[in-house]
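Inside the fold
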Amino acid sequence: MTATRDKFGRPIVVVTGMGVVTSLGAGKTDNWRKLTAGESGIRTITRFPIEGLKTTMAGTVDFIPVEPFSSTDLCERLGEVVAEEAIAQAGIGARGDFPGPLYLAVAPVEVEWPQRQELGRAIGPATEVNYDAMLRVSGGGRFTRYHHRFMFGSVANHLAETFGTKGSPISLSTACASGASAIQLGVEAIRRGEAQAALCVATDGSVNPEALVRFSLLSALSTQNDPPQAAARPFSKNRDGFVMAEGAGALVLESLEAATARGATILGIVAGCGKLADSFHRTRSSPDGKPIIGCVRNALADAGMAPEQIDYINAHGTGTPENDKMEYLGISSVFGERTREIPVSSNKSMVGHTLSAAGAVETVFSLLTLEHQRIPPTINYDIPDPAIPFDVVPNKARDARVTAVMSNSFGFGGQNASLILTREPV
Amino acid sequence: MNEIKSSKPATTEVWITGIGLATSLGEGLDTHWEALNQRRINVDEKTFAPYIVHPWAPVNLDKQIPKKGDQRQMEAWQRIGTYAAGLALDSAGVKGNAEILARMDMVVAAGGGERDLAVDSNILNLEAKGNSAPGFLNKRLMNDLRPTLFLAQLSNLLAGNIAIVHGVTGSSRTFMGEEAAGVDAARIALARIAAGQSDIALIGGSQNGERKDLLVLYEFGGFNLKDKFAPVWARGDNAGFALGSGGAFLVIESKAHALARGAKPFARLTSVVADLASRHRSGEITAKLEKLWSELGVIEGKGAIFTGATGAEPATSEERAFLERHPGFPVRATGTIFGHTMETQFPLGLALAALSLSRGAIFPPNDPTGLEVAMSGPPSQIVVIGTGHWRGEGMALVEAIK
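Residues numbered from 1 in each chain as written. Chains lettered and ligands numbered in written order. Predicted model: local features only at pLDDT ≥ 70, side-chain atom pairs only at ≥ 80, totals over all residues.

**Notes on the nonpolar core**
When a protein is soluble and globular, its nonpolar side chains tend to lie buried together. Rule in force here: Here, a nonpolar core denotes buried Ala, Val, Leu, Ile, Met, Phe, Trp, Tyr and Cys residues that are linked to one another through C-beta atoms within 7 Å. Neighbour density around each residue's C-beta defines its exposure: 20 or more other C-beta atoms within 10 Å make it buried, 12 or fewer make it exposed, and counts between make it partly exposed, where C-beta atoms are placed from the backbone. Elements are defined by DSSP. Helices are runs of H or I of four residues or more, strands are runs of E of two residues or more, and each kind is numbered from the N terminus.
Leu104 and Val201 of chain A together with Ile252 of chain B are the most contacted members of the largest nonpolar core, which has 277 residues in total. In terms of residues, this core owes the most to one element, helix α9 (residues 178-194) of chain B, which gives 11 residues.

Dropping the structure here:
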């Protein structure tokens, strides 16, 4: 009989279902094929006018239509698509009756410009538009749907009802580490014995004018617009920022015991989770790298593993000058001599930065790496940065023996999270 | 949505050892206790008329956020929250204790999305005057938005600011989702400590109710209290909530951890339960609250109920039906006193419950309808209820430590 508890006596947490959507396509098959072919999903934006913008490309998901468009509606739709795929693969529960809680990483919800412009039109051209005038036209039941749409909890409530998850669904944000945090919440609930299964979903559909402008004003985005496919250049010397992107990832987590009992196919193990917050700055990492180092070490300690046991690192690798430098500092401090040998690649070179979804999207890709024993490349890697001597798996996917993957997420507000995924229990 | 996922009855006892309150009634526990006992309410019917809000009582921000640069990087809701979080750390006696703060877990319940009203208004006015060229919006936003406003809009940046200003860095999670976010912040933090996954945590939230953009959002659903203030239970046909302003944070930790550092508890956080009623039919909220009550654990001894009932309908009437089935528990509606602080209302209820238990009394009623009655003698248990104005139901049991 296989042990169902890890070396610390906690229930082993396994993955039995996965779903993913990125700018490369919908579903694991399509994404994996394109990811390992080194294709880019980054394109010139067509969803809205790009005049006046410094950055005019993104990894939008335009092939899943949402009418009328809002980022929150797209977020919700992408969440549905990936949850559907993950639950179908897991074959768990009955339709609309998922036997566990929902942990949802979701982009913060806000009223968007189309709705604000609708209020402007409702006020009419004869009156000066200000928030008092907007308040006067907002009531009376005319815009009730916008209350429901723009509640922060609305996406989670919808997914909870659609998939019949149990209890109070959690909507969370830890910025660009949100997807990893959602998975971590699921792992913790199963380890506590509070749940035997959890649905962890992360979704982001935020490519709209204001969201793009906000990142642009913080000088976080690449402006290498032409050709758009070459904009995301993680770890390259000529990297100049990240590329905003949309996408979603979902995982069905179960205790090994519950999964085995129902004869489920086990896709991988979530062996460890680490996190540590940074108190240095709102958008920058501590220059000594300590929070990242601590986060990575926490993940190894939580898994009860040594750095030597990690075969591949799925990097946060945003392609901003700052992130990639700090990530190298953090990884090299923990992995020492092995830093030059261990493959470290960034999916974001192809799918862009899916923000709130990134941690889950990249966990799905990490598990596919374990399944296929093939490492997706870092594309657009033409001019190596000598200060970052990683083996970035440049430009071409590589077959390799991979038993354990570390997936890193680092976000604004000092949010750091690392996950360790393995083929077999460790 | 039939099963209830709750934090298991604590295997490890969890204490509330720190409370930070900075609200429309002022700052600090003595100030609050005195105001509550005087039935003082700070409500503004004029500034946003016909909408009613509870304004934040100004404080000397420097006392908890010493760097002006930090204050400038925040909007009001973040300053309120960071200030209240500092008070909670002070109250627990861990402020500046680098060793503890470095492993303190944080779960913040937050909204976000604060607007620059002048920028929005200007763009809409220019559009009304015919500026509709492609890229007009882009150019205005690129020119007009303050780069740092983004950092005040991001939900997780309250937690980020607390980490920066106070050094809480064990872990940082932000839950969104209106009232339920506050319930779940307490539920998850308690579950983690009870299961030995964490020793000490900072939980709470904050809101600035003096925001027209927030009023617009709730006006969409017709939820704003208008024209004349009335206690929550006495709003009758004038249903709705007055947005409240305030921050409420608590430090909770395992009994063993508290004892080891010689910390004095206010109360025990025994259990927190939450669920999501579908609310498609009337009566579902009442039934869900009844179910949560039964999940809460043993209710014995002398108890009271502090509810965050919003005044919005039908949720408040359904909750009243539940409360009337439990007449042995004197009720206090925090919404009457503080207004509705949304994500913060449940942590606020926990804070007031712990404060009351530690003072051996509950504050007097403030309700002309007679639902709230006086209570004599010290309570041993207080149940905190959080029923969302639109979705989500939660409940906590807070107990006196003998």
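Continuing now.
**Things to note about the domain arrangement of chain B**
Filter applied, for reference: An automatic or database domain assignment supplies the residue ranges for each domain.
Entries for chain B in the domain assignment read domain 1 (14-113 + 154-399) and domain 2 (117-149). Placing a centre on the C-alpha atoms of domain 1 of chain B and another on those of domain 2 of chain B gives a separation of 37 Å.

**Quick look at helix α13 (residues 315-324) of chain B**
Keep this limit in mind: Our arc is simply the arc of the directions from the helix axis toward the C-beta atoms.
Within α13 of chain B, the full set of buried residues consists of Ala315, Thr316, Glu318, Glu319, Phe322 and Leu323 of chain B. All buried residues of α13 of chain B lie within an arc of 160° about the axis, which places them on one face of the element.

**Some details on unusual backbone geometry**
The omega angle of the peptide bond from Asp226 of chain A to Pro227 of chain A is -5°, so this bond is cis rather than trans. Along the polypeptide, Pro227 of chain A turns up in the loop between α8 (209-217) and β8 (247-255). Omega for the bond connecting Glu313 of chain B with Pro314 of chain B falls within 30 degrees of zero, at 10°, which places this linkage in the cis form. Within the element layout of this structure, Pro314 of chain B appears in the loop between β8 (303-307) and α13. At Ser219 of chain A, a residue that is not glycine, the phi angle is positive and equals roughly 55°. Note that Ser219 of chain A resides in the loop between α8 and β8. For Ser219 of chain A, a count of 14 C-beta atoms within 10 Å puts it in the partly exposed group. Of note, Leu355 of chain A is a non-glycine position whose phi angle comes to about 50°, a positive value. Inspection of the secondary structure puts Leu355 of chain A in the loop between α12 (348-351) and α13 (358-372). The buried category is assigned to Leu355 of chain A, around which 31 C-beta atoms lie within 10 Å.

**Regarding the domain arrangement of chain A**
Residue and element names in this part refer to chain A. Going by this rule: Contact between residues is assigned whenever the C-beta positions, reconstructed from backbone atoms, fall within 7 Å. Note on residue categories: nonpolar means Ala, Val, Leu, Ile, Met, Phe, Trp, Tyr, Cys or Pro, charged means Asp, Glu, Lys or Arg, and polar means any other residue, Gly included.
Taken domain by domain, chain A consists of domain 1 (13-110 + 151-422) and domain 2 (113-149). In this assembly, 6 residues from domain 1 lie in contact with 5 residues from domain 2. Counted by class, the side of domain 1 that touches domain 2 contains 2 nonpolar, 3 polar and 1 charged residues.

**Quick word on the interface of chain B and chain A**
Note the threshold: Strands were regarded as paired on the criterion that DSSP finds at least two bridges between them.
In this complex, chain B contributes 70 residues to the contact, which on the side of chain A involves 66 residues. Mapped onto the side of chain B that touches chain A, the elements with two or more residues apiece are α5 (117-128), α6 (136-144), α7 (149-153), α8 (157-166), β4 (171-176), α9, α10 (212-220) and β7 (267-275) of chain B. In terms of residues, the side of chain B that touches chain A owes the most to one element, α10 of chain B, which gives 8 residues. Pairing analysis gives 3 bridges linking strand β6 (residues 170-173) of chain A to β4 of chain B, with the strands arranged antiparallel.

**Notes on the packing of helix α1 (residues 28-36) of chain A against α13 of chain A**
Geometrically, a packed helix pair is captured by the angle between its two axes and the distance between the axes. All names here are of chain A. Note the following rule: All axes are obtained by fitting lines to C-alpha atoms, using only the stretch in contact for helices, and the reported angles, taken between N-to-C directions, cover 0 to 180 degrees. Between 65 and 115 degrees an angle is taken as roughly perpendicular, under 35 as roughly parallel, over 145 as roughly antiparallel, and anywhere else as oblique.
Packing of α1 against α13 leaves a shortest axis separation of 11 Å and a crossing angle of 75°. Judged by the inter-axis angle, α1 sits roughly perpendicular to α13. For the pair formed by α1 and α13, the contact residues are Lys28, Trp32 and Leu35 on the first element and Val364, Phe365, Leu368 and His372 on the second. Residue classes in the contact of α1 with α13 are distributed as 5 nonpolar, 1 polar and 1 charged.

**Thoughts on the environment of Gln153 of chain B**
Structurally, Gln153 of chain B can be placed in helix α7. Setting aside anything within four residues of it in sequence, one finds Gln153 of chain B in contact with Gly112, Gly113 and Glu114 of chain B.

**Quick notes on the environment of Ile64 of chain A**
With respect to the helices and strands, Ile64 of chain A occurs in the loop between β4 (57-58) and α2 (71-90). We classify Ile64 of chain A as partly exposed; it has 16 C-beta atoms within 10 Å.

**Regarding the pairing of strand β5 (residues 102-106) of chain A**
Residues and elements named next belong to chain A. For β5, the tally of buried residues reaches 5 of 5 residues, placing the bulk of the element in the interior. Where burial is concerned, the two faces of β5 agree: the one with Leu102, Leu104 and Val106 and the one with Tyr103 and Ala105 are both buried. One ladder, built from 5 bridges, connects β5 with strand β7 (residues 197-204); its direction is parallel. By the bridge assignment for β7, Ala105 is matched with Ala202. In this sheet, β6 lies alongside β5 in parallel orientation, the contact comprising 3 bridges. Counted as the bridge partner of Leu104 is Ser171 from β6.

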